[in-house]
Amino acid sequence: MEDIELWEPERSLFREMSFLWYWTSRMLSSTSFQMLSVAIGWQMYALTHSAFSLGFVGLAQFIPMVVLTLVVGHVADRFDRRVIVYLCQFAECAITALLLYETVRGTLNQEQILLVAAVLGTCRAFEGPAASALLPQLVSKNALQRAISWATSGNQTAMIVGPSIGGVLFAFGPSCVYATVTGALLVAAFASVLIRVEKTIREPKRVSLHSLLEGLVFVYRRKVILGTISLDLFAVLLGGATALLPIYAQSILHTGPWGLGIMRTAPAVGALAMSLVLAYFPLKRSIGLTLFGALGVFGLATMLFAVSKNFSLSLFALLLIGASDVISVVIRSSLVQLLTPDDMRGRVNAVNSLFIGTSNQLGEFESGMVAGFIGAVPAAFIGGLGTLVVAAAWMYLFPSIRRIQSLSEG
């Protein structure tokens with residue numbers, strides 16, 4: 001009987017057609033972005049033979065998210081989020097079709113790739129907060145954690161299969177990747193069109209500095225949200241050992257390119273497995289302590305990876321890193337969504353997206369810089385230790401998080 005009760009909520013969740021269309025759209029969109037990243041990177045390097053040019057591609061996608069954070073959040077709270085999502089996906093589809101056209105003609109150049117990367121970054125800057133804020137409108141509060149877990153599993157699957165599909169298709173030429181992505185984004189956009197939400201009447205608000213900053217002010221005043229978001233920022237910032245994987249593959253574990261590929265996949269596999277577990281067995285008690293426990297495992301696994309000279313042990317550590325990180329992601333996302341009023345979710349999710357993006361980008365930069373000065377092993381070990389220190393400090397600085405027993409009371 002217990003097994004039936006555990007299975008039935010999942011069946012009912014996917015019987016909600018709007019959630020099914022939402023999940024399909026996010027899965028296709030995320031996979032497409034991963035495929036595009038592979039193709040654009042390869043094509044840029046083929047044109048320039050410069051590592052710096054690859055950095056500029058990443059920068060072109062990252063800058064719009066930082067610059068537009070306050071604007072995209074306000075837009076997501078003022079207009080229909082579903083419309084924002086599918087308009088962004090149609091725009092991404094058009095941009096990818098342009099890439100396909102220029103590639104077939106043989107006229108694609110470095111400047112066009114950077115411009116395309118910037119436009120794609122802008123579209124995703126608007127799409128991300130709107131899509132995150134849309135999810136609570138599709139499911140009940142009781143089903144939200146499961147919905148977030150399924151959305152996370154879709155994202156992790158995209159991170160695993162997207163680069164692989166992109167790499168295989170690129171062997172037949174970049175135009176093959178762009179054609180596939182164009183079709184996938186078109187399907188994703190139409191899936192978003194099919195999403196149905198209850199009509200929400202939002203009071204028109206004049207765009208002002210106050211309305212733009214309201215999300216930041218709300219996050220600052222809600223200590224639970226501020227604590228969970230900043231905890232993730234500093235933990236990921238310090239624990240970015242995955243940025244050092246090429247060094248480990250070549251100089252420490254001596255596995256070569258094949259080992260690097262497996263190690264890059266391992267955290268995503270661990271994350272996917274844990275997100276599926278959480279989808280079927282949602283967290284119900286001691287939420288705060290579970291969050292800190294997950295960060296503790298993340299830090300210890302990072303330290304284990306740092307000192308390991310055995311490939312199998314290193315893979316196990318990377319699986320733990322991915323699995324523990326997802327627990328933190330699901331708890332943080334659930335708390336942010338449940339504790340934020342619907343008319344503020346766009347701006348708060350925009351702030352959350354900025355924190356996540358900043359932590360990932362700066363985490364890789366920090367790990368690389370520290371490794372350059374003191375070596376990869378000490379850098380990774382200190383990063384894991386730093387994560388433990390941050391978790392302990394946040395338990396003291398934000399006791400309200402530690403005391404959360406269930407998501408409903410957060």
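Above: the structure in question.
Notes on the structure follow. (Residues numbered from 1 in each chain as written. Predicted model: local features only at pLDDT ≥ 70, side-chain atom pairs only at ≥ 80, totals over all residues. Heavy atoms only, no water.)

**Digging into helix α2 (residues 17–48)**
With 32 residues, α2 extends 46 Å between its outermost C-alpha atoms, agreeing within 8% with the 46 Å of an ideal straight helix rising 1.5 Å per residue. Two residues or fewer after α2 comes H49, characterised by a positive phi angle close to 55°. (Helix = DSSP H or I, 4+ residues; strand = E, 2+ residues; numbered from the N terminus. Expected span 1.5 Å × (residues − 1).)

**Let's talk about the state of the cysteines**
The full count for this structure, using the stated rule, is zero disulfides. C88 takes part in no disulfide bond, and the closest cysteine sulfur, belonging to C123, lies 5.4 Å away. We classify C88 as buried; its relative accessible area is 10%. (Disulfide = S-S within 2.5 Å. Buried < 20%, exposed > 50% of the residue type's maximum accessible area, 1.4 Å probe, protein only.)

**Quick notes on the pattern of salt bridges**
Under the defined criterion, the tally for this structure stands at two salt bridges. When the shortest N-O distance is used, the salt bridge between E127 and R26 registers 2.6 Å. Here E127 is found in helix α6 (residues 110–134), whereas its partner R26 is found in helix α2, with 101 residues between them in sequence. Residue E127 is classed as buried on the basis of its relative accessible area of 1%. Owing to a relative accessible area of 18%, R26 belongs among the buried residues under this scheme. (Salt bridge = Lys/Arg side-chain N within 4 Å of Asp/Glu carboxyl O.)

**Observations regarding unusual backbone geometry**
Despite not being glycine, H254 has its phi angle at roughly 55°, a positive value. Assessed through its relative accessible area of 61%, H254 is described here as exposed.

**Notes on the packing of aromatic side chains**
Taken as a whole and judged by the stated rule, the model has four aromatic pairs. With a centroid separation of 6.2 Å and an interplanar angle of 75°, the aromatic rings of Y86 and F90 are classed as edge-to-face. Here Y86 pairs with F90, and both are found in helix α5 (residues 81–105), just four residues apart, close to one helical turn. Geometrically, the ring pair formed by F90 and F190 is edge-to-face, given 5.4 Å between the ring centres and 85° between the ring planes. Here F190 lies in helix α8 (residues 174–193) and F90 lies in helix α5, a separation of 100 residues in the sequence. By relative accessible area, which is 27% here, F90 ends up partly exposed. Residue F190 is classed as partly exposed on the basis of its relative accessible area, which comes to 46%. One aromatic cluster is present, formed by Y86, F90 and F190 through successive ring pairs. (Phe/Tyr/Trp six-rings, centres within 6.5 Å; stacked < 30°, edge-to-face > 60°.)

**Some points on the packing of α5 against α8**
When two helices pack together, their arrangement is given by the angle between the helix axes and the distance between those axes. Two numbers describe how α5 lies on α8: the axes approach to 8 Å, and their chain directions differ by 165°. In this view, α5 runs roughly antiparallel relative to α8, as classed from their interaxial angle. Judged by the twist between their axes, the crossing of α5 over α8 is left-handed. Each residue belonging to the contact of α5 with α8 can be placed in one class, and the counts come to 18 nonpolar, six polar and two charged. (Axes fitted to C-alpha atoms, helices over the stretch in contact; angles between N-to-C directions. Parallel < 35°, antiparallel > 145°, perpendicular 65-115°, else oblique. Left-handed = near helix turned anticlockwise from the far one by under 90°. Nonpolar A, V, L, I, M, F, W, Y, C, P; charged D, E, K, R; others polar.)

**Some points on the environment of L114**
Tracing the backbone through its elements, the reader meets L114 in helix α6. Accessibility expressed as a relative area gives 24% for L114, which makes it partly exposed. When residues no more than four places from it in sequence are discounted, the contact partners of L114 are M44, F56, V57 and A60. (Contact = heavy atoms within 4.5 Å.)

**Topic: the nonpolar core**
In terms of nonpolar packing, the biggest core is built from 31 residues, with V219, I225 and L231 touching the most fellow members. Counting residues per element, this core draws most heavily on helix α14 (residues 311–339), which supplies seven residues. Each residue touching L231, except ones within four places of it in the same chain, is listed here: L291, F292, L295, V390, A391 and W394. Ranked by size, the runner-up nonpolar core spans 22 residues in total, among them M263, L318, A376 and A379. (Core = buried A, V, L, I, M, F, W, Y, C linked by side-chain atoms within 4.5 Å.)

**Things to note about the side chain of S29**
Relative to the helices and strands, S29 is located in helix α2. By relative accessible area, which is 1% here, S29 ends up buried.

**Quick notes on a nonpolar patch on the surface**
Judged by side-chain polarity, V307, F373, I374, V377, F381, I382, L385 and V389 come together as a nonpolar surface patch covering roughly 730 Å² of accessible area. Looking at the nonpolar patch element by element, the count peaks at five residues for helix α16 (residues 376–397). With relative accessibility at 72%, the residue F373 sits in the exposed group. (Patch = residues over 30% accessible without salt bridge, like charges linked within 9 Å, V, L, I, M, F, W, Y side chains within 5 Å. Areas by Shrake-Rupley, 256 points an atom, 1.4 Å probe, with all protein chains shown as cover.)

**Some details on the packing of α2 against helix α7 (residues 144–170)**
At a minimum axis separation of 7 Å, α2 and α7 run at an interaxial angle of 35°. Relative to α7, α2 is oriented so that their crossing is right-handed. The residue makeup of the contact of α2 with α7, split by class, is 17 nonpolar, 11 polar and no charged.

**Concerning the side chain of S230**
Of note, S230 is situated in helix α10 (residues 223–238). A residue is classified by how much of its surface remains accessible, and S230, at 7% relative accessible area, is buried. For S230, the side chain forms a polar contact with the main-chain oxygen of L226, separated by 2.6 Å. A polar contact is formed between the side chain of S230 and the backbone oxygen of G227, at a distance of 3.2 Å. (Polar contact = N/O pair within 3.5 Å; in protein donor to acceptor, adjacent residues only side chain to side chain.)

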